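Chains, contacts and geometry: an overview
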Amino acid sequence: QVQLVESGGGLVQAGGSLRLSCAASGRTFSTYTMGWFRQAPGKEREFVAAISWSGGRTYYGDSVKGRFTISRENAKNTVYLQMNSLKPEDTAMYYCAADRAYFNAYYYKENEYDYWGQGTQVTVSS
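To keep things clear, this report deals only with the structure shown in the data block. Quick caveat, the model's predicted, so the values are computed rather than measured.

Let us now look at the pattern of salt bridges. Overall, the coordinates contain 6 salt bridges when judged by the stated rule. Taking the shortest distance from any N to any O, the salt bridge between Glu46 and Arg38 comes out at 2.8 Å. A relative accessible area of 6% means that Arg38 is categorised as buried. In this structure, Asp90 and Arg38 form a salt bridge, with 2.9 Å as the shortest nitrogen-oxygen distance. A residue pair is termed long-range when its members are at least 10 positions apart, and Asp90 in the loop between β8 (78-83) and β9 (92-99) and Arg38 in strand β4 (residues 33-39) qualify at 52 residues.

For the structure on display, the rule yields 1 disulfide. Across the disulfide from Cys22 sits Cys96; the S-S distance is 2.1 Å. Because the torsion about its S-S bond is -75 degrees, the bridge between Cys22 and Cys96 counts as left-handed. Here Cys22 is found in strand β3 (residues 18-24), whereas its partner Cys96 is found in strand β9, with 74 residues between them in sequence. Residue class for Cys22 comes out buried when judged on its relative accessible area of 0%. Residue Cys96 is classed as buried on the basis of its relative accessible area of 0%.

Scanning the entire structure with this criterion turns up 9 aromatic pairs. A ring pair is formed by Tyr59 and Tyr107, whose centres lie 4.1 Å apart and whose planes are at 20 degrees; its orientation type is stacked. Residue Tyr59 is found in strand β6 (residues 58-60), and its partner Tyr107 is found in the loop between β9 and β10 (115-116); the two are separated by 48 residues along the sequence. Given the relative accessible area of 17%, Tyr107 is considered buried. Taken together, Phe37, Phe47, Tyr59, Tyr106, Tyr107, Tyr108, Tyr113 and Trp116 form an aromatic cluster joined through their ring pairs. The positively charged end of Arg45 is found above the aromatic ring belonging to Tyr95, 4.2 Å away from the centroid. Sitting over the ring of Phe29, Arg72 keeps its end group 4.6 Å from the ring centre.

What follows is about the pairing of β8. Two faces make up the sheet, and in a regular strand the side chains alternate between them. For β8, a buried count of 5 out of 6 residues is recorded, marking the element as mostly surrounded by other parts of the structure. Inspection of the sheet shows β3 paired to β8 by 6 bridges, in the antiparallel sense. Opposite Ala23, over in β8, you have Thr78 as the bridge partner. Note that strand β7 (residues 68-73) and β8 share 6 bridges and pair antiparallel. In the strand pairing of β8, Ile70 is matched with Leu81.

Now for unusual backbone geometry. Even without a glycine there, the phi angle at Asn77 is positive, about 50 degrees. Even without being glycine, Ser85 reaches a positive phi, approximately 50 degrees. For Ser85, the position within the fold is in the loop between β8 and β9. For Ser85, a relative accessible area of 41% corresponds to the partly exposed category.

Here is what the cut-offs are and how they apply
- Residues numbered from 1 in each chain as written.
- Predicted model: local features only at pLDDT ≥ 70, side-chain atom pairs only at ≥ 80, totals over all residues.
- Heavy atoms only, no water.
- Salt bridge = Lys/Arg side-chain N within 4 Å of Asp/Glu carboxyl O.
- Buried < 20%, exposed > 50% of the residue type's maximum accessible area, 1.4 Å probe, protein only.
- Helix = DSSP H or I, 4+ residues; strand = E, 2+ residues; numbered from the N terminus.
- Disulfide = S-S within 2.5 Å.
- Phe/Tyr/Trp six-rings, centres within 6.5 Å; stacked < 30°, edge-to-face > 60°.
- Lys NZ or Arg CZ within 6 Å of the ring centre and 35° of its normal.
- Pairing = 2+ DSSP bridges.

This is a description of form; function is not addressed.
Here it is in structure tokens:
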């Protein structure tokens, strides 16, 4: 069993930045594909970013490309989401997720992930 704990959310003005962290328990973190998803009130959960087990492959949703960066430190069992140039439409609960596969071609599908965190709220004011 893997537990994921997100942190780093908060209130920020439009144009600002935040860095989310997701700390994972367990010794097999380094073999997992990791992803970030978000869900705004009244909307479906949306894919934000994913990173392969080694960090060699990264993928982003269209709405965050060029503004968000996903990275990981396997030695610390942690994955990060650096969010720059934030917009009010980025306001959502952000979730970290882990997929036991080294790489999954369906990284953008939430049902491909095996473990989820509780989420951290990001609010961007205009």
